[in-house]
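What the coordinates show
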Amino acid sequence: MLTLYRPGTGWMHRAPAGPKAFVLLVLVLAVSLLPSTYLAAGIAATVTVLGYLVTGLGLRELGRQIVSVRWVIVITLGAQLLFLQTEPAIANTSRVLAAILLAAMLVLTARVADLLDAFERGLQPFARFGVDPARVALVLAVAITTVPVLIRLASGVREAQKARGAGGGLRAFVIPFLVVSLKHADDLGEALTARGVA
Amino acid sequence: MTSEPAAAPAEITPRRSARPVSRLAIDATDIARIAVFAAFIAVLGLPGGFAVFGSVPITAQTLGVMLAGAILGAWRGAIALVVFLALVALGLPLLAGGHGGAGVFVGPTAGYLVGWIAGAFVVGAIVHAGRRRLTWARTILGVLVGGILVIYAFGLPVQALVTRIPLPETALQSLVFVPGDLVKAVIAVVITMTLQRAYPRAFRTDRFVGAGGASAVQSTAGAASGTAPGVSSGTPER
C-alpha cells in the first residue's frame with residue numbers, strides 16, 4: 001500500500017498519534033515564526049537535525065526527505081535570490097524546509113490507520129455542529145481503499161488505448177477514465193446502501 | 001472501519017431531515033462519489049501518468065479540482081477536495097511528485113491547496129447556477145474563475161507570507177504557471193461538455209433536505225437530455 005510510513009520501534013513510533021500530531025504542529029509553528037536571519041536559519045537546521053536524531057529516524061532518513069522536496073528547495077531559493085538579499089533568502093528557505101521536514105516526522109512515525117482514528121476522535125467536539133465523525137471517517141476510509149482500485153482502472157484504460165493505437169493526450173485519457181471511475185462510484189454507492197449506509 | 005461505524009449514521013441522519021434548517025443531503029451514493037473523486041484526483045497526480053514538461057512537478061491535479069466542481073457540484077466538489085487533502089494530511093503521498101503529510105500544509109504551496117477547496121466550490125456554483133442545463137459559456141466562466149482566479153487568490157498571499165517575498169514579486173513569479181492552468185481549463189471545459197453528452201448521469205449535483213421542500217432536485221443535465229435512466233439506481237428515496 002502506498003504510504004509514507006517508515007516502520008520502527010523507537011519511542012516516537014510508540015507515542016500516541018493524536019498528542020504526537022499536536023506537539024509536532026506546535027514545533028512547526030514555532031519554527032515558522034523565526035526571523036529571517038542566519039542565526040534563525042541555524043536554529044531551524046539544528047532543531048531539525050536533532051529531531052531526526054533523538055527520534056531514531058536518523059540522518060539517512062533526513063537526507064531522503066530532503067531529496068524528496070528538492071523541487072521546493074530549488075524553486076523557493078531561486079525566487080528568494082531573485083527578489084531578496086542573500087541572508088533572508090537563505091534563512092527563509094531553510095526555515096520553510098525545516099518546517100516541512102519536521103511536519104514529515106508525523107507521517108513517518110504514525111500509521112495511516114492510527115492517524116485516522118486520532119482524527120475521528122479529534123472531530124468528536126464538532127458533533128454538536130452537525131459533523132458526524134463516524135461518517136467522516138467512513139468517507140476517508142472508503143477513499144483510501146479506492147485509490148488502488150482507480151490506479152488499476154487507469155492502467156486498464158491506458159492499455160486499451162495503447163492496443164488501439166490511440167494517442168496519449170491528457171483529454172483522450174481522462175474522459176474514459178472519468179467514466180469508469182464514476183461507474184465504479186455507482187457500484188460502490190449500491191454496496192454502501194446494501195450495507196445500511198443511508 | 002467495517003460495517004459498525006457505517007451502521008451508526010444510518011439511523012441518525014434521515015431523522016434529521018425534519019429539522020427546520022435546510023441541510024445538505026449526503027447519502028450513500030454521494031459518499032461513494034465523493035470518495036471516488038478524491039481518489040480520482042489522487043491518481044491524476046501519480047507518476048508515470050503524463051510527462052508534462054519533463055519532470056518538473058506541474059500537476060494535472062488542478063484539472064481534477066475543476067472537474068470536481070463541474071461534475072459533483074459546489075458542495076460535493078468542495079467536500080471531495082477536503083477528503084483528498086485529508087488523505088494527504090494523514091500521510092498518503094498523493095500530491096503530484098509523491099508528496100504528502102502535514103508538511104505540505106506549512107510549505108509555500110499551502111494556500112493553493114486550501115484554494116482548491118474554494119476553487120471547486122466556485123466552479124460548481126457557477127457551472128450549475130440555477131440548476132439549468134450546462135452551457136459552454138457558464139462552464140468556461142466557472143472553470144476560469146473557480147479553477148484559476150480563486151486558487152491564486154488563496155495561494156499567492158500564503159506563498160508571499162511563507163516565503164516572505166512581497167506579494168507583487170510572488171505574483172510575478174507565479175505567472176510561469178498560468179499558461180499551464182489555461183491549458184488545463186480548456187481541457188476541463190471540453191471534458192465537462194463531452195461528458196454531458198456521453199455520460200449525463202455523471203452530473204448529480206447538490207440536493208438539500210429540510211426547509212424549502214426541494215428534496216430531490218435531480219441532475220439538470222440528465223433531466224434535460226432525457227437519456228439518463230433517472231438517477232434511480234443506488235439512490236434510496238427519502
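Residues numbered from 1 in each chain as written. Chains lettered and ligands numbered in written order. Predicted model: local features only at pLDDT ≥ 70, side-chain atom pairs only at ≥ 80, totals over all residues.

**Re the overall build of chain B**
Regarding its fold elements, chain B presents nine helices and two strands. Listed by position from the N terminus, the elements making up chain B come as α-β-α-α-α-α-α-α-α-β-α. Taken over 238 residues, chain B has a buried fraction of 51%. Contacts in chain B between residues far apart in sequence, at least 24 positions, make up 68% of those at least 6 positions apart. (Helix = DSSP H or I, 4+ residues; strand = E, 2+ residues; numbered from the N terminus. Buried ≥ 20, exposed ≤ 12 C-beta atoms within 10 Å, placed from the backbone. Contact = placed C-beta atoms within 7 Å.)

**So, helix α8 (residues 133-164) of chain A**
All names here are of chain A. With 32 residues, α8 extends 46 Å from end C-alpha to end C-alpha; this agrees with the ideal 46 Å at 1.5 Å per step. Its axis deflected by about 30° at Thr 146, α8 carries its strongest bend there, up to four residues before the proline Pro 148. Gly 165 occupies a position one or two residues after α8 and carries a positive phi of about 75°. (Expected span 1.5 Å × (residues − 1). Bend = angle between axes of the 7 residues up to and from the residue.)

**A short note on helix α6 (residues 136-163) of chain B**
Residue and element names in this part refer to chain B. Relative to the 40 Å expected for 28 residues at 1.5 Å per residue, α6 spans 38 Å between its end C-alpha atoms, a close match to the ideal helical length. Approximately 30° is the largest bend angle found in α6, and it occurs at Tyr 152. Of the residues flanking the end of α6, it is Arg 164, one or two places downstream, whose phi is positive at about 55°.

**Some details on the environment of A:Gly51**
Residue and element names in this part refer to chain A. Relative to the helices and strands, Gly 51 is located in helix α3 (residues 38-54). Here the alpha-carbon distance between Gly 51 and Leu 102, two residues 51 residues apart in the chain, equals 7.4 Å. When neighbours within four sequence positions are excluded, Gly 51 is seen to be in contact with Leu 102 and Met 105.

**Things to note about the nonpolar core**
Judged by nonpolar contacts, the single largest core of 121 residues is most densely connected at B:Ile31, B:Ala35, B:Ala38, B:Ala80, B:Val83 and B:Leu87. Inspection of this core shows a minimum of three residues originating in each of domain 1 (11-112) and domain 2 (132-194) of chain A. With residues near it in sequence (within four places) discarded, B:Ile31 still touches A:Leu138, A:Val139, A:Val142, A:Leu192, A:Val197 and B:Ile26. (Core = buried A, V, L, I, M, F, W, Y, C linked by C-beta atoms within 7 Å. Domains from an automatic or database assignment.)

**A look at the packing of α6(B) against helix α7 (residues 167-174) of chain B**
Packed helices, taken two at a time, are described by the angle between their axes plus the distance between the axes. All names here are of chain B. At a closest axis distance of 9 Å, the pairing of α6 and α7 adopts a crossing angle of 120°. Taken as axis vectors, α6 and α7 run oblique relative to one another. Every pair of crossing elements has a handedness; the one defined by α6 and α7 is right-handed. Contacts from Tyr 152, Leu 156, Pro 157, Gln 159, Ala 160 and Thr 163 of α6 reach α7 at Leu 167, Thr 170, Ala 171 and Ser 174. A class-by-class count of the residues in the contact of α6 with α7 yields six nonpolar, four polar and no charged. (Axes fitted to C-alpha atoms, helices over the stretch in contact; angles between N-to-C directions. Parallel < 35°, antiparallel > 145°, perpendicular 65-115°, else oblique. Left-handed = near helix turned anticlockwise from the far one by under 90°. Nonpolar A, V, L, I, M, F, W, Y, C, P; charged D, E, K, R; others polar.)

**Concerning the confidence of the model for chain A**
Model confidence for chain A is summarised by a mean pLDDT of 87, while 97% of its residues fall at 70 or above. Across chain A, α3(A) holds the top mean pLDDT of 94, while helix α5 (residues 70-83) of chain A sits lowest at 83. (pLDDT = per-residue confidence, 0-100.)

**Some thoughts on the domain arrangement of chain A**
Looking at the assigned domains, one finds that chain A contains domain 1 (11-112) and domain 2 (132-194). Using C-alpha coordinates to define each centre, domain 1 of chain A is positioned 35 Å away from domain 2 of chain A.

**Things to note about the interface of chain A and chain B**
Taken together, the contact between chain A and chain B spans 64 residues of the former and 61 residues of the latter. At the level of elements, α2 (17-32), α5, α6 (86-109), α7 (112-123), α8 and α9 (170-194) of chain A are the ones that each hand at least two residues to the side of chain A that touches chain B. Considering every element that reaches the side of chain A that touches chain B, the biggest residue donor is α9(A), with 16 residues. Among the residues making up the side of chain A that touches chain B, the classes are represented as 45 nonpolar, 13 polar and six charged.

**Observations regarding the packing of α8(A) against helix α4 (residues 74-89) of chain B**
For the pair α8(A) and α4(B), interaxial distance at closest approach is 10 Å and the crossing angle is 75°. With respect to each other, α8(A) and α4(B) are oriented roughly perpendicular. Residues A:Val139, A:Leu140, A:Ala143 and A:Ile144 of α8(A) form the contact with α4(B), whose participating residues are B:Val83, B:Ala86 and B:Leu87. Split into classes, the residues belonging to the contact of α8(A) with α4(B) amount to seven nonpolar, no polar and no charged.

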